Amino acid sequence: MVGEVNKIIYNLLMSGGEVCIGDIGTLLTMRYAAHRTSRKSLTPGYRSVVFTTEQRGTSLEKEIARVAEVDEAKAHDIYEHWLSEALDGDTLTIEGVGSLRHDKFNADEAFIATLNPQGRTPIRLKPKANVGLYIFAALCMVFALSVAGYVYIDNNDITLFGASDDTTAEIMAQNVTSEAVSKSAETEASSAEIAPQTQAQEQPQAEAQPNVEPQVQIQEPKQEHPAEAANVATDAGAILSTTPGHSYVVLGVFSTTENAGRAIRQAQRRAKDLQYSVYHYGSKYMVALYEAQSRRECQEFASSLDNTFKDLWIYSRK
């Protein structure tokens, strides 16, 4: 039964619970919020196991009685047998979880890795471009071009009005000649259009054109692809279901998986190391960046991404 008791402790801690081990103390799972280490780096939130001498949480003996379906006396015997096997001097070893010595608990690396599937590797963030700066630069360019154009036109006007009388008379003569040529060309074009129209009116109408039945072009309906979820498979894996009592940092809600996949690909250009997941949200699809039992932890995670994603929001399922 030693292995079974170790498994009970493992499952309780993995679900975020607390395990009271008799008079020794309590093992509990602690959550640490995500935090920025620099302007372009974010350490994701993680969970760890700590020890306290306080007696609280789920009693290990009562949990043994519940799982093994035995009475309290039998559960106490199982607990005492497990404790005699797990306790060696001042070191309590829980296989698959870690060891406790001098009120300090050291969790196994494999257990911590399972407890934090997203890992603890810092995430590199791509900050949003400063749109205001670009707009200001564009306005400066427009203003500079306007001033340059005004100076250029003003200089040309000064040269024109400062020319000699002979030059002015030559320019006026060229303008008069151009207007005369334009009027002559318009008159000839009008005469050429009137002649064919007169001939067309004098000719009798030959015969009535046969009635032509209108052709109706029928478009075949487009075939819908039932496997629409394939658009998201390469970006976020399978479509998941939300867990009651959990909160989520939401990137957006979309009507199709194709739109959800497109949103994930766009978001990965800013922060490719984040873990993107797609959940069922009624008849739609929700893209989330983070999941936790604590709404406050999700809020802290979303706040740490303010410079990268401006429109994140928190969804808590009851």
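Predicted model only: the values in this text are computed from it and were never measured. (Residues numbered from 1 in each chain as written. Predicted model: local features only at pLDDT ≥ 70, side-chain atom pairs only at ≥ 80, totals over all residues. Heavy atoms only, no water.)

**Q** Just to check I follow, could you spell out the pairing of strand S2 (residues 25–32) for this structure?
**A** A regular strand carries its side chains on alternate faces of the sheet. Where strand S1 (residues 18–21) lies against S2, 4 bridges are found, and the strand directions are antiparallel. Paired with Cys 20 across the bridge in S2 is Thr 26. (Pairing = 2+ DSSP bridges. Helix = DSSP H or I, 4+ residues; strand = E, 2+ residues; numbered from the N terminus.)

**Q** For this particular structure, what's the right way to read the sheet that holds strand S4 (residues 41–43)?
**A** Within a sheet, neighbouring strands are paired by backbone hydrogen bonds and run either parallel or antiparallel to one another. One open sheet holds the 3 strands; their spatial order is S3-S4-S11, and the pairing between them is antiparallel. Edge strands, defined here as strands with exactly one partner in the open sheet, are strand S3 (35–38) and strand S11 (123–124). For S3 and S4, the ladder comprises 3 bridges, and the chain directions are antiparallel. Looking at the pairing, Arg 36 lines up with Leu 42 of S4.

**Q** Any chance you could explain the packing of aromatic side chains here in plain terms?
**A** For the coordinates displayed, the defined rule picks out 7 aromatic pairs. Taken together, a centroid distance of 6.1 Å and an interplanar angle of 35 degrees make the contact between Tyr 79 and Trp 82 tilted. Of this pair, Tyr 79 and Trp 82 both sit in helix H3 (residues 72–86), 3 residues apart, which is roughly one turn of the helix. Grouping aromatic residues by their ring pairs yields a cluster made of Tyr 248, Tyr 279, Tyr 281 and Tyr 315. (Phe/Tyr/Trp six-rings, centres within 6.5 Å; stacked < 30°, edge-to-face > 60°.)

**Q** Got a minute to help me understand a nonpolar patch on the surface in this structure?
**A** There is a patch of nonpolar side chains on the surface, built from Phe 143, Val 147, Tyr 150 and Val 151 and spanning about 440 Å² of accessible area. For Tyr 150, the position within the fold is in helix H5 (residues 131–161). With relative accessibility at 60%, the residue Tyr 150 sits in the exposed group. (Patch = residues over 30% accessible without salt bridge, like charges linked within 9 Å, V, L, I, M, F, W, Y side chains within 5 Å. Areas by Shrake-Rupley, 256 points an atom, 1.4 Å probe, with all protein chains shown as cover. Salt bridge = Lys/Arg side-chain N within 4 Å of Asp/Glu carboxyl O. Buried < 20%, exposed > 50% of the residue type's maximum accessible area, 1.4 Å probe, protein only.)

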